[in-house]
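Here is what each chain is made of, one letter per residue.
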There are 2 protein chains.
Amino acid sequence: MKFHQLRYVHEVVRQQLNISAASEALHTSQPGVSKQIQLLEEELGLQIFQRNGKRLIGVTEPGRKIVALAAKVVLEMQNIKRVGDEYSREDTGELTIATTHTQARYRLPAAVKQFMAQYPNVKLTIHQGNPAQVTEQVASGEADIGIATESISKDERINCLPCYEWNRCLVVPPEHPLLKSNELTLQALARYPLITYDFAFTGGTLVSKIFHDAGVQPNVVFTAIDADVIKTYVNLGLGIGLIANMAYDAVRDAPLHSLDCSHLFPNSTTYLGVRRDAFLRDYMLNFITMLSPQYDKRTVQHALHQV
Amino acid sequence: MKFHQLRYVHEVVRQQLNISAASEALHTSQPGVSKQIQLLEEELGLQIFQRNGKRLIGVTEPGRKIVALAAKVVLEMQNIKRVGDEYSREDTGELTIATTHTQARYRLPAAVKQFMAQYPNVKLTIHQGNPAQVTEQVASGEADIGIATESISKDERINCLPCYEWNRCLVVPPEHPLLKSNELTLQALARYPLITYDFAFTGGTLVSKIFHDAGVQPNVVFTAIDADVIKTYVNLGLGIGLIANMAYDAVRDAPLHSLDCSHLFPNSTTYLGVRRDAFLRDYMLNFITMLSPQYDKRTVQHALHQV
DNA sequence: TCAGGTTACGCCTGGCGTAATCATG
DNA sequence: CATGATTACGCCAGGCGTAACCTGA
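Residues numbered from 1 in each chain as written. Chains lettered and ligands numbered in written order. Predicted model: local features only at pLDDT ≥ 70, side-chain atom pairs only at ≥ 80, totals over all residues. Heavy atoms only, no water.

Enquirer: Can you walk me through the protein's contact with DNA strand C in this structure?
Expert: Lining the immediate environment of DNA strand C, one finds 23 residues, of which Q30, S34 and K54 of chain A together with T28 and S29 of chain B sit closest. Put simply, 67% of the atoms of DNA strand C that lie within 4 Å of the protein are in sugar or phosphate. The separation between a base nitrogen of DNA strand C and a polar side-chain atom of R55 of chain A is 3.0 Å. Residue S29 of chain B places a main-chain N or O atom 2.8 Å away from a phosphate oxygen belonging to DNA strand C. Elements supplying a minimum of two residues to the surface near DNA strand C: helix 2 (19-25) and helix 3 (30-44) of chain A together with helix 1 (3-14) and helix 3 (30-44) of chain B. Among the elements that make up the surface near DNA strand C, the one with the highest residue count is helix 3 of chain A (4 residues). Of the residues contributing to the surface near DNA strand C, the split by class is 6 nonpolar, 11 polar and 6 charged. (Near = heavy atom within 4 Å. Polar contact = N/O pair within 3.5 Å; in protein donor to acceptor, adjacent residues only side chain to side chain. Helix = DSSP H or I, 4+ residues; strand = E, 2+ residues; numbered from the N terminus. Nonpolar A, V, L, I, M, F, W, Y, C, P; charged D, E, K, R; others polar.)

This is the structure we're talking about:
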C-alpha cells in the first residue's frame, strides 16, 4: 500500500469521481492514477469505487471508510511536511483564512497588514463565505484558520477560541422616523422593511430566535452576505439595515445614521477555529495573536490543543 | 516522503533508537532503514534523531513531532488494512486483549470460549498487566481492547464503555475471629494484617481513599497482582485477603471463607476501552457484545465512536 | 463522436541487499 | 574487539508517461 495511492483516491473523491480531473490536479498522467487505484483495490481485496462500465459512479460502503481514512493520512502527511517547513525554511509558506465578509472587511485588515509586514514571504489567501462554508473549509483542510460566529464552534472536527464579542446596529437613512423615537424596540423595528445578512435568519440563529421569542415577525425584504451591499440598499431607501456594529463608521457611511441595538440582542461572539488535528505553523499562531492580542501564543496553543 | 520512511522512524523509536533492532523487526536490511531515515531527514530539512557520531542518542525537538505524526499515520494505515480484511477475508485476523489478572481469570473465560468457537480463525492473544499497563497497551495500539477498572476511562486517547459493576469481599481462613463478629467494619478490618492487590493502594485509588477518608490505617502486609496468589497466602495464615468478589468461589476456594464488603466500599466499574481512532473489526465488536451482553453491537459502535 | 477510463509497453527512478568501512564503548 | 551506523554499488521491482484501445451517453 503506497501513500500515493491514498492521495489519488482522496483527490478522485474531491474531484467528484473524475479521474482525469484528479490526475490533472495531481500533475500526473491519467492512466497512472487509474492503475494505482486498481492496485490499491486489488491489494485491499475490495472495490473502493462503484463502476458503471468504466465510469466511476459512486463510492462503495467499505470505500467510504477507506476514503475517510485516506483523508486523515493525507492530512497527517501535510502536517509532517509543515513540521519540516517550520524548522527549516522559517517564515515562508502559506496561510489560508476562511471568514465571512464582515470579518474580512472590518476586523481582519489591521491584523493582516501587521502580518504581511512581519511575514513578507508567506502567501496569504482569504476565502470568503458564509459561516457554514467557513466551517467546511476549515474542517476539510482547505483553510488553515476559520473566523466566524458561533456555528463554527459547534463542529466536532474543529477546535475553537473565542475571539471577541460584538453586537448589532441599525443603519437608517437620514430623517428616518426611528431616529426621533426615544427607545428602539423590536416592535418598532419590525414596522419597517428590514435588510440584513442572508444567514441571519437561517438555521435558528440568534437574531431570528430573539424575534421569534418576542413574538415579533420582522419584515425582511432583502438579504445579502455583505454589509456594504446592505448599506447601499438602505441608501436607496429600500429599508433599514441590521448589521454588525463594527461595519458602521459615521464618517465613511454618511449620510446614513446608526442606532445601537445592543439592548435588543445579546452579544455575539466571533470564534476562531482550526481543524482538530492540524499542525499550526509558528506564523499561524502569531497571526492569531495579532488578531486577538488578549491571548498570548502559549494560551492559544493550549486552547487549540496544539500540544 | 514515503510511507516506509515513517514506518522506519516509528519502529526505530519503538526499539529504543536501535536501527539494527528496528530493521530486524521490519524484516529488512539495516542499511536500508538507515538510508531511508536519512533521506526523510534530508527531504524535511531537519534532524529527527540526535546522533553522537553514528549512534542515535535521542530524538530532537522537531523529531518528537514527526515521530508523533508518523505514529498516527502508521495507525491509520493499519486501520485501512483492517477495513480491507474486514470486507474480504472475513472472520480471520487477530484480536489482542489487554487486561488485569482478575478479569482474565474470572470474567473473560466465558466470553473467550464463546468467541473462539465462533471465530476459530482469529488468533486471540491476552496480555496481562496492571491497569496502567493495560491503558498504555491500548493507547499505543499494541492491544485492540483493554479491560480494566476506572483508570483506563480517564485516558484521553481511549474511548470507553462501562462493562459491569463489582465489589470486594474479604477472604479469611476458617475459624477467623471476623467470622463471629456480627458486622464487618473498616476498623475491624484494619486490626488484621491485610493482603490485597498491589495497585489497590497506588495513585489514590478507591480503596485507599475509603480508608483514608475514614481515618483508618489498614495494615497492608503483602500485595500481589493476583487473587490466586493472595488466597494462597491467606491460606498460609499470613493475613486476610481483600479481593474482587468474583474471584471467590466457596467450593473451589475451600477451606477459605468470604465476607462480603459491599457495604464498606462503593461499587467499582470495569471499563472496556479501545484506542480513540482504531478501526474495530466486526469480530472485535462481537467479542465486546459477548463480554457485555447488555449492549448490542449498534450501542457498542456508537459508544466507542466507531461512526 | 467525444469524454472519460483501461490496457500495453518501454524507460528509468529509487529501494533493497551484500559487502566493505567507520565510529563508539 | 564487538556492536552498531554509514557508504558503495549493482540488481531489479514498480511507477510513470506515451500511445493505443475500449465504452457509455
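Enquirer: For this particular structure, what's the right way to read the nonpolar core?
Expert: General note: in soluble globular proteins, nonpolar side chains tend to be found buried as a group. One finds V12, F49 and I80 of chain A together with V12, F49 and I80 of chain B to be the most contacted residues of the largest nonpolar core, which totals 56 residues. What V12 of chain B contacts, discounting residues up to four positions off in sequence, is L17, N18, I19, A22, V33, I37, F49 and L56 of chain B. (Core = buried A, V, L, I, M, F, W, Y, C linked by side-chain atoms within 4.5 Å. Buried < 20%, exposed > 50% of the residue type's maximum accessible area, 1.4 Å probe, protein only. Contact = heavy atoms within 4.5 Å.)

Enquirer: Hey, could you run me through the sheet that holds strand 11 (residues 257-260) of chain B in this one?
Expert: By definition, the strands of a sheet pair up through backbone hydrogen bonds, in either a parallel or an antiparallel sense. All names here are of chain B. The mixed open sheet is built from 5 strands, whose spatial order is 9-8-10-7-11. Two strands bound the open sheet, and with one partner strand each, they are strand 9 (219-224) and strand 11. The mean inter-strand angle of the sheet, taken between neighbouring strand axes irrespective of direction, is 30 degrees. (Pairing = 2+ DSSP bridges. Axes fitted to C-alpha atoms, helices over the stretch in contact; angles between N-to-C directions.)

Enquirer: Would you mind showing me how to read the protein's contact with DNA strand D here?
Expert: Residues in contact with DNA strand D amount to 22 residues; listed here are only the nearest, T28 of chain A together with S20, Q30, S34 and K54 of chain B. Restricting the count to atoms of DNA strand D within 4 Å of the protein gives a sugar and phosphate share of 67%. Within the side chain of R51 of chain B, one N or O atom sits 3.0 Å away from a phosphate oxygen of DNA strand D. Separating a sugar or linking oxygen of DNA strand D from a backbone N or O atom of K54 of chain B is a distance of 2.9 Å. Looking at the surface near DNA strand D, the elements that each hand over two or more residues are helix 1 (3-14) and helix 3 of chain A together with helix 2 (19-25) and helix 3 of chain B. It is helix 3 of chain B that contributes the most residues to the surface near DNA strand D, 4 residues altogether. Of the residues contributing to the surface near DNA strand D, the split by class is 6 nonpolar, 10 polar and 6 charged.

Enquirer: Just checking my understanding: could you explain the sheet that holds strand 6 (residues 158-166) of chain A for this structure?
Expert: Residue and element names in this part refer to chain A. On the basis of which strands lie adjacent, the open sheet formed by 5 strands has the order 4-3-5-12-6 and mixed pairing. The sheet is open, and its two borders are formed by strand 4 (122-128) and strand 6, each paired with just one other strand. Each strand axis lies, on average, 20 degrees off the axis of its neighbour in the sheet, ignoring direction. Relative to strand 4, strand 3 (residues 93-99) is paired through 7 bridges, and the arrangement is parallel. The residue bridging T99 from the neighbouring strand is Q128, located in strand 4.

Enquirer: Hey, could you run me through the side chain of R168 of chain A in this one?
Expert: Residues and elements named next belong to chain A. Residue position: R168 is located in strand 7 (residues 168-172). With relative accessibility at 7%, the residue R168 sits in the buried group. Not counting residues within four places of it along the chain, the set of residues in contact with R168 comprises L206, V207, L242, I243, A244, N245, D260, C261, S262, F265, P266 and S268.

Enquirer: What am I meant to see in the pattern of salt bridges here?
Expert: Opposite charge on two side chains permits pairing when their charged atoms draw close. All names here are of chain B. In this structure the tally under the stated criterion is 30 salt bridges over all chains. Across the salt bridge formed by K231 and D253, the nearest N and O atoms sit 3.0 Å from each other. Of this pair, K231 sits in helix 9 (residues 227-235) while D253 sits in the loop between strand 10 (240-244) and strand 11; the two residues are 22 residues apart in sequence, bridging distant segments of the chain. (Salt bridge = Lys/Arg side-chain N within 4 Å of Asp/Glu carboxyl O.)

Enquirer: Help me understand the interface of chain A and chain B in this model?
Expert: Often the size quoted for an interface is simply the accessible area lost on bringing the parts together. With 27 residues of chain A at the contact, the number on the chain B side is 27 residues. When the area that chain A buries against chain B is broken down by residue, the three leading residues are M1, I80 and Y87 of chain A, summing to 24%. Inspection of the chain A/chain B interface yields 4 salt bridges. Here chain A and chain B share 8 residue pairs in polar contact (both at pLDDT 80 or more) between them. Taken together, the elements giving at least two residues each to the side of chain A that touches chain B come down to helix 1, helix 3 and helix 4 (61-87) of chain A. When residues of the side of chain A that touches chain B are assigned to their parent elements, the largest contribution, 16 residues, is made by helix 4 of chain A. For the side of chain A that touches chain B, the residue count by class is 15 nonpolar, 4 polar and 8 charged. (Buried area = accessible area lost by both parts, 1.4 Å probe.)

Enquirer: It is not clear to me how the domain arrangement of chain A should be interpreted in this structure. Could you clarify?
Expert: Residue and element names in this part refer to chain A. Here the domain parsing of chain A yields domain 1 (3-85), domain 2 (91-166 + 269-303) and domain 3 (168-266). Computed from C-alpha atoms alone, the centre-to-centre distance between domain 2 and domain 3 is 27 Å. Between domain 2 and domain 3, the residue contacts involve 11 residues of the former and 14 residues of the latter. Taken together, the links from domain 2 to domain 3 amount to 1 salt bridge. For the pair domain 2 and domain 3, the interface holds 6 residue pairs in polar contact (both at pLDDT 80 or more). Secondary-structure elements contributing two or more residues to the side of domain 2 that touches domain 3 are helix 5 (101-118) and strand 6. In terms of residue count, the dominant contributor to the side of domain 2 that touches domain 3 is helix 5 (6 residues). Classifying every residue of the side of domain 2 that touches domain 3 by side-chain character gives 4 nonpolar, 4 polar and 3 charged. (Domains from an automatic or database assignment.)

Enquirer: Can you walk me through the packing of helix 5 (residues 101-118) of chain B against helix 10 (residues 282-291) of chain B in this structure?
Expert: Working note: a packed helix pair is described by the angle between its axes plus the distance between those axes. Residue and element names in this part refer to chain B. Here helix 5 crosses helix 10 at 140 degrees, and the two axes come no closer than 9 Å. Relative to helix 10, the element helix 5 lies oblique. Crossing handedness for the pair helix 5 and helix 10: right-handed. Here R107, L108, A111, V112, Q114, F115 and Q118 of helix 5 come into contact with helix 10, specifically with Y283, F287, M290 and L291. For the contact of helix 5 with helix 10, the residue count by class is 8 nonpolar, 2 polar and 1 charged. (Parallel < 35°, antiparallel > 145°, perpendicular 65-115°, else oblique. Left-handed = near helix turned anticlockwise from the far one by under 90°.)

Enquirer: Could you clarify how one ought to interpret the UniProt feature "domain: HTH lysR-type" (unreviewed entry) in chain A in this entry?
Expert: Per the UniProt record, the feature "domain: HTH lysR-type" (unreviewed entry) sits at residues 1-59 of chain A. The distance from the first to the last C-alpha atom of residues 1-59 of chain A is 19 Å, and the span holds 58% helix and 15% strand. (UniProt positions renumbered as here; feature names shortened; annotations may be inferred.)

Enquirer: Mind showing me how you'd approach the packing of aromatic side chains here?
Expert: Each aromatic ring pair is described using two quantities: the centre-to-centre distance and the angle formed by the ring planes. All names here are of chain A. Here the structure, examined in full by the defined rule, presents 12 aromatic pairs over all chains. Their ring planes at 85 degrees and their centres at 5.5 Å tell us that F115 and F287 sit as a pair that is edge-to-face. Pair noted here: F115 is in helix 5 and F287 is in helix 10 (residues 282-291), with a separation of 172 residues, a long-range link. Each of the two residues, F115 as well as F287, counts as buried. The rings of F115, Y119, Y283 and F287 are connected pair by pair, giving a single aromatic cluster. When the ring centre of Y164 is taken as reference, the NZ or CZ atom of R107 above it lies at 3.6 Å. Taking the ring centre of F265 as reference, the NZ or CZ of R168 above it sits at 5.7 Å. (Phe/Tyr/Trp six-rings, centres within 6.5 Å; stacked < 30°, edge-to-face > 60°. Lys NZ or Arg CZ within 6 Å of the ring centre and 35° of its normal.)

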